[in-house]
Amino acid sequence: MQFDKIDAYCPRNKMIFGVNHMHRYRTHNCGELSEKNENVRVKISGWVHRKRDHGSLLFVDLRDHYGLTQCVIDTSDSAFSIVESLRNESVVTITGLVKKRSDETVNNNLKTGQIEVLIEEIIVQSEAEMLPLQVNSDDDAGEETRLRYRYLDLRRTRPHNNIVLRSKIIQSIRNRMIEQGFSEFQTPILTASSPEGARDFLVPARLHPGKFYALPQAPQQFKQLIMMAGFEKYFQIAPCFRDEDSRADRSPGEFYQLDLEMSFVEQEDVFATVEPVIAGVFEEFSGKKIDLNFEHISYADSMLKYGNDKPDLRIPIEIADVTDIFRGSDFSIFAKNIEKGAVVRAIPGPKCGSRAIADRMNSWAQSEGAAGLGYIIYSNEEAKGPVAKALGQKKSNEIKSKLSLEDGDAAFFSCAFEKEASSLAGRARVRIGTEQELIDETVFKFCWIVDFPMFEKDELTGKIEFSHNPFSMPQGGMEALNTKDPLEIKAWQYDLVCNGVELSSGAIRNHLPEVMYRAFEIAGYGPEVVDEKFPAMINAFKFGAPPHGGIAPGIDRIVMLIAQEPNIREIILFPMNGKAEDIMMSAPSLVDEKQLNELHIRKTSSSQKIS
RNA sequence: GGGGGUGUAGCUCAGUUGGUUAGAGCGCUGGCCUGUCACGCCAGAGGCCGCGGGUUCGAGUCCCGUCACUCCCGCCA
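Residues numbered from 1 in each chain as written. Chains lettered and ligands numbered in written order. Predicted model: local features only at pLDDT ≥ 70, side-chain atom pairs only at ≥ 80, totals over all residues. Heavy atoms only, no water.

1. Some points on the protein's contact with RNA strand B
Surrounding RNA strand B, one finds 43 residues, the nearest of these being Arg 50, Asp 53, Ser 56, Arg 250 and His 468. Among all atoms of RNA strand B positioned within 4 Å of the protein, those belonging to sugar or phosphate total 56%. Contact between RNA strand B and Gly 55: a base nitrogen at 2.9 Å from a main-chain N or O atom of the residue. Here Arg 87 contributes a side-chain N or O atom positioned 3.2 Å from a phosphate oxygen of RNA strand B. For the surface near RNA strand B, the secondary structure elements donating two or more residues are β3 (41–53), β4 (57–64) and α2 (143–148). If one sorts the elements of the surface near RNA strand B by residue count, β3 sits on top with three residues. (Near = heavy atom within 4 Å. Polar contact = N/O pair within 3.5 Å; in protein donor to acceptor, adjacent residues only side chain to side chain. Helix = DSSP H or I, 4+ residues; strand = E, 2+ residues; numbered from the N terminus.)

Structure representation (structure tokens):
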């Protein structure tokens, strides 16, 4: 045991029998020492981040969660050989005197760069073997190595900071929700499989042979039932489980939502609740400008102007429908397709008025699976290119003024059935925005996509289906369901979009049993289906259900945007790989026959082949 | 399930029209160095060129298959 009276005022030390007792591992962390601590004997613990060995003088950068402190030892010291032989990432405890550095040796890049610790004693707590990845390097190792040794990867500055950022963002969201009077509740993880939505993860029920729990895809029904229970304002940082394939912005298996639900509200009330929370955290953590104007865009407008339901409003390009201009024109490919029901969407291409750019866009469109991308180039008060030639100057100039184009610009055309034409136009819009560097990277622009259709027609079967959430309230209620063309009915259903990323989806819910039965009837399900598949909800609606609605912003996507990481795995502590495996923990894994027997599970021949 | 990209030293990557003994940086081992902070210098070890087959006098390089990782489509109320 060390006894030391020099830093008796250090709060980490204890007074025992009137003698100051130095803490076993640290009196200070590696990020807090400064000139103020000059000549104080301190103890710090951490990882050997890097060594600079000058033969008879050796520097060690000691790292912990809080920072980096340079420690020095010279050859005259007995501990020198221990320090010299230490491998990077070994964990040590160093005791020594804090010394102010001379002016020439101050390192202003380091928080503790004004001082260094003269090593008097070093205790090796844990030795490191040769490392599979370099912790002190900014260069990423391969993804597989990083995930297999995630605990090493997470020591690195950027991954470490991302996870801390995530924690702070979640904390801030919690505070903001609680300040608005919301209560945080936990909902079951083992629940019932629900027919709507994605594929479920199933958990065999030991006590019920042949039956399964499912992990919740979202606490959707529970949060509505919480409203039935009269709690009024609920939220949860909720784990959600969906057995779907991964993407760069979609972690396989599990993710987190800020799940929230409110009673006695309309759409605008939900918006007014969510906007300050989202804008607030983006403002607090991102350092970018936040456009506080949460524009409302109808689903139909969004599909037309932006070609998708998650527009990136930073791109100053709006798509226009020009079907009428091409109808019956001499540009026969389009004219013929229009006769068959196709539409033509025009995408303005600012500063794209060159043959090279037009050709590049065309071959890009072909690589996207389209027949091509028509174009008109406007230069010297003339419309050029094969489309302009067939269409004539008059109609070409009509397009020019409709799109507000100038000489030096181009118009691109996507001609197909509506869904495909608008989709390609939307992708072309993003492509032009990216290639021409029209995206303002310093701002977050939010919008609400509203008025989603309640139903849609399955293109293959012609069947009417719920286009989004079957629990949403149709606009116009029962009357609309009974009198309107189902495909014309809108739902009180909304998405929150930021910079082209779908952050969130929500709705005012249908709380009326008769409207619920009618909506399902339109989608081809009898009342017995509703009773069987959603027994809790439909029953609860029959005992006094408050009108209610909510939303569920994706936590991972919010953190991704704020951290400016293009891959969702960068902001998750222990993510799975693209095939939904945790290669660090070896999940999924084979289990004992005994476990399977208890669960009444027998493997099929195909799964036995694998084992 | 389908399409694209990648696979070479512990890690990150280079490797020409197919042609001697496959290279670099970091890391590792040893040596030198008293003010560095991505310290510097010298030397060394380390390779089933993802795997299997084919073409060829000769394959890291070309062809076929296969596996792994990754991005995208499908899927994601």
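2. Things to note about helix α12 (residues 393–402)
Within α12, the full set of buried residues consists of Ser 396, Ile 399 and Lys 400. In an axial view of α12, the angular spread of the buried residues amounts to 105 degrees, which keeps them on one side of the axis. For α12, the exposed residues set more than 90 degrees away from the buried face come down to Lys 394 and Ser 401. Taken together, the buried residues of α12 touch α8 (323–326), β16 (374–379), β17 (382–384), α11 (386–391) and β18 (410–416). (Buried < 20%, exposed > 50% of the residue type's maximum accessible area, 1.4 Å probe, protein only. Arc of directions from axis to C-beta. Contact = heavy atoms within 4.5 Å.)

3. With respect to the sheet that holds β17
The strand order across the open sheet formed by five strands is β14-β15-β18-β16-β17, and the pairing between neighbours is antiparallel. Sheet topology places β14 (320–321) and β17 at the edges, where each strand pairs with a single neighbour. As paired elements, β16 and β17 share three bridges and run antiparallel to each other. From the neighbouring strand, Ile 377 faces β17, where its bridge partner is Lys 384. The sheet contacts of helix α10 (residues 355–367) involve β16 and β18, and relative to β16 the element is tilted by about 165 degrees. (Pairing = 2+ DSSP bridges. Axes fitted to C-alpha atoms, helices over the stretch in contact; angles between N-to-C directions.)

4. Regarding the side chain of Arg 63
With respect to the helices and strands, the residue Arg 63 is situated in strand β4. Among the polar contacts made by the side chain of Arg 63, one reaches the side chain of Glu 89 at a distance of 2.9 Å. Excluding anything up to four places from it in sequence, Arg 63 contacts Cys 30, Gly 46, Trp 47, His 49, Leu 68, Glu 89, Val 135 and Arg 155.

5. Some points on the packing of aromatic side chains
Considering all chains together, one arrives at 20 aromatic pairs under this definition. Residues Phe 294 and Phe 446 carry aromatic rings whose centres are separated by 4.8 Å and whose planes lie at 10 degrees to one another, so their mutual orientation is stacked. Here the residue Phe 294 occupies a position in strand β13 (residues 289–298), and Phe 446 occupies one in strand β19 (residues 443–450), the gap between them amounting to 152 residues. Here the aromatic cluster, defined as three or more aromatic residues joined through ring pairs, consists of Phe 271, Phe 282, Phe 294, Phe 444, Phe 446, Trp 448 and Tyr 494. A cation sits over an aromatic face here: Lys 288 above Phe 444, 5.0 Å from the ring centre. (Phe/Tyr/Trp six-rings, centres within 6.5 Å; stacked < 30°, edge-to-face > 60°. Lys NZ or Arg CZ within 6 Å of the ring centre and 35° of its normal.)

6. Some points on the environment of Asn 88
Mapped onto the elements of the fold, Asn 88 is located in the loop between α1 (80–85) and β6 (91–100). Along the chain, Asn 88 and Tyr 151 lie 63 residues apart, while their C-alpha atoms are 15 Å from each other. In this structure, Asn 88 is in contact with Val 48, His 49, Arg 50, Lys 51, Ala 128, Leu 131 and Asn 136, ignoring residues within four places of it in sequence.

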